[in-house]
Amino acid sequence: KLKTFEITASADPAEGGTVAGAGTYDWGTEAALAATPAVGYDFVRWMEGSDTVGTEAALKVTVKAAHAYVAVFKKQTFKVTYDPDASKNGKVTMTGGGDATEYGSSVTFTETPDYGYVFVKWTDNGKDAGTGSSYTIDPVTGAHDVTAVFKKIPSASFKDGDIIVLHSDLDYSKALDIEGGGLSRAYPELGGQSLGEALLAPTRIYVQPVLALLEKV
């Protein structure tokens, strides 16, 4: 009677994928093992103890003894970043991300315009991706090249009686009738801030151009 041997197979990490082909085999027969990575993982190698016994997902062995094989998987990584040269005229802060961002993770970008500029939109891999002050990729499933687009506030003059509309992502929108006192005048509608302080706050969008006013602050 032929001897039989146990061939076992497991995944590392366990959530990284599945393995097939383990079982009891007669001496001299062929055991065919297969490793299938889970979504977001790649197969790396087959191991027995500390030895690498294969780098292909399919492993065939002639059974002459018992063996315990381990399929090693690795979470996929992607480059998720922004181009500081393309995102000029403002600052972009990235939370998470980088050249080796793991599959399933979260990355958030936040914009701050330079003086005299306003934020327009985000682009991601060359496509429009929103106009909010922050942009989040969750979950990461591929590579991303994010850009923050800013534009210069054109020069203009304001006088008493002009209307300026201030907007932010903080859920308020104010229309102010410019009155005597210019930029130094405090407005109750702005929580006691002066017009100059309000205009310099980040993430504002101005219906009328205000660069000339900002230069006086």
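Residues numbered from 1 in each chain as written. Predicted model: local features only at pLDDT ≥ 70, side-chain atom pairs only at ≥ 80, totals over all residues. Heavy atoms only, no water.

1. Observations regarding the sheet that holds strand 6 (residues 51-54)
The strands making up a sheet associate through backbone hydrogen bonding, with each pair oriented either parallel or antiparallel.
Then, in step 1: Here 5 strands make up an open sheet; going across it, the order is 3-1-8-5-6 and the pairing mixed. Edge positions in the sheet fall to strand 3 (23-26) and strand 6, since each of these pairs with one other strand and no more. Between one strand axis and the next, the sheet turns through 35° on average, direction left out of account. (Pairing = 2+ DSSP bridges. Helix = DSSP H or I, 4+ residues; strand = E, 2+ residues; numbered from the N terminus. Axes fitted to C-alpha atoms, helices over the stretch in contact; angles between N-to-C directions.)

2. What to know about the packing of aromatic side chains
Geometrically, a pair of aromatic rings is defined through the distance of the ring centres and the angle of the planes.
Then, in step 1: Tallied over the entire structure, the rule returns 8 aromatic pairs.
Then, in step 2: Both rings, one in Phe109 and one in Trp122, keep their centres 6.4 Å apart while their planes meet at 50°; by these two values the pair is tilted. Of this pair, Phe109 sits in strand 12 (residues 107-113) while Trp122 sits in strand 13 (residues 117-124), and the two are 13 residues apart along the sequence.
Then, in step 3: The class of Phe109 is buried, set by a relative accessible area of 0%.
Then, in step 4: Take Trp122: its relative accessible area is 1%, and that puts it in the buried class.
Then, in step 5: Residues Phe119 and Phe150 carry aromatic rings whose centres are separated by 5.8 Å and whose planes lie at 65° to one another, so their mutual orientation is edge-to-face. Highlighted residues: Phe119 in strand 13 and Phe150 in strand 16 (residues 144-152), separated in sequence by 31 residues. (Phe/Tyr/Trp six-rings, centres within 6.5 Å; stacked < 30°, edge-to-face > 60°. Buried < 20%, exposed > 50% of the residue type's maximum accessible area, 1.4 Å probe, protein only.)

3. Topic: the sheet that holds strand 4 (residues 30-37)
Then, in step 1: One open sheet accounts for 3 strands, arranged 2-4-7; its pairing is antiparallel. Since the sheet does not close on itself, it has two edges, and those belong to strand 2 (17-20) and strand 7 (58-62), each with one partner. Along the sheet, successive strands turn relative to each other by an average axial angle of 15°, direction set aside.
Then, in step 2: Sheet topology note: the strand 4/strand 7 ladder contains 5 bridges and is antiparallel. The residue of strand 7 that forms the bridge with Leu33 is Leu59.

4. A look at the nonpolar core
Then, in step 1: In this structure, Ile7, Trp46 and Tyr69 are the most contacted members of the largest nonpolar core, which totals 15 residues.
Then, in step 2: Residue assignment for this core shows that the elements contributing at least two residues are strand 1 (4-12), strand 4, strand 5 (41-48), strand 7 and strand 8 (67-75).
Then, in step 3: With residues near it in sequence (within four places) discarded, Tyr69 still touches Ile7, Thr8, Ala9, Ser10, Leu33, Trp46, Met47, Glu48, Val53, Leu59 and Val61.
Then, in step 4: The next biggest cluster of nonpolar side chains, apart from the first, holds 13 residues, and it includes Val107, Phe109, Ile137 and Phe150. (Core = buried A, V, L, I, M, F, W, Y, C linked by side-chain atoms within 4.5 Å. Contact = heavy atoms within 4.5 Å.)

5. With respect to the pattern of salt bridges
Here the idea is simple: oppositely charged side chains can pair when their charged atoms come close.
Then, in step 1: In this structure the tally under the stated criterion is 1 salt bridge.
Then, in step 2: The salt bridge involving Lys121 is made with Asp128; its shortest N-O contact spans 3.0 Å.
Then, in step 3: Lys121 gets classed as partly exposed once you look at its relative accessible area, which sits at 27%.
Then, in step 4: Asp128 gets classed as exposed once you look at its relative accessible area, which sits at 57%. (Salt bridge = Lys/Arg side-chain N within 4 Å of Asp/Glu carboxyl O.)

6. Comments concerning the side chain of Asp124
Then, in step 1: By the element assignment, Asp124 lies in strand 13.
Then, in step 2: This buried residue, Asp124, is left without a salt bridge; Lys127 holds the nearest opposite charge, at 9.6 Å.
Then, in step 3: Ignoring sequence-local partners within four residues, the contact set of Asp124 consists of Ala129, Tyr135, Ile137, His144, Asp145 and Val146. (Lys, Arg positive; Asp, Glu negative; His and termini not counted.)

7. Topic: unusual backbone geometry
Then, in step 1: Here Asp12 and Pro13 are connected by a cis peptide whose omega angle stands at -5°.
Then, in step 2: Here Pro13 is to be found in the loop between strand 1 and strand 2.
Then, in step 3: A cis geometry characterises the amide bond from Asp138 onward to Pro139, with omega recorded as 5°.
Then, in step 4: On the secondary structure map, Pro139 appears in the loop between strand 15 (134-137) and strand 16.

8. Remarks on the pairing of strand 13
The two faces of a sheet get side chains in turn, since along a regular strand they alternate between them.
Then, in step 1: One ladder, built from 7 bridges, connects strand 13 with strand 16; its direction is antiparallel. Within strand 16, the position partnered with Asp124 by the bridge is Val146.
Then, in step 2: Relative to strand 14 (residues 127-130), strand 13 runs antiparallel, the two sharing 3 bridges. Looking across to strand 14, one finds that Trp122 is bridged to Gly130.
Then, in step 3: Connecting strand 13 to the next strand, strand 14, in antiparallel fashion are 2 residues, including Asn125 with a positive phi near 55°.

Bear in mind that shape data such as this cannot, by itself, settle questions of function.
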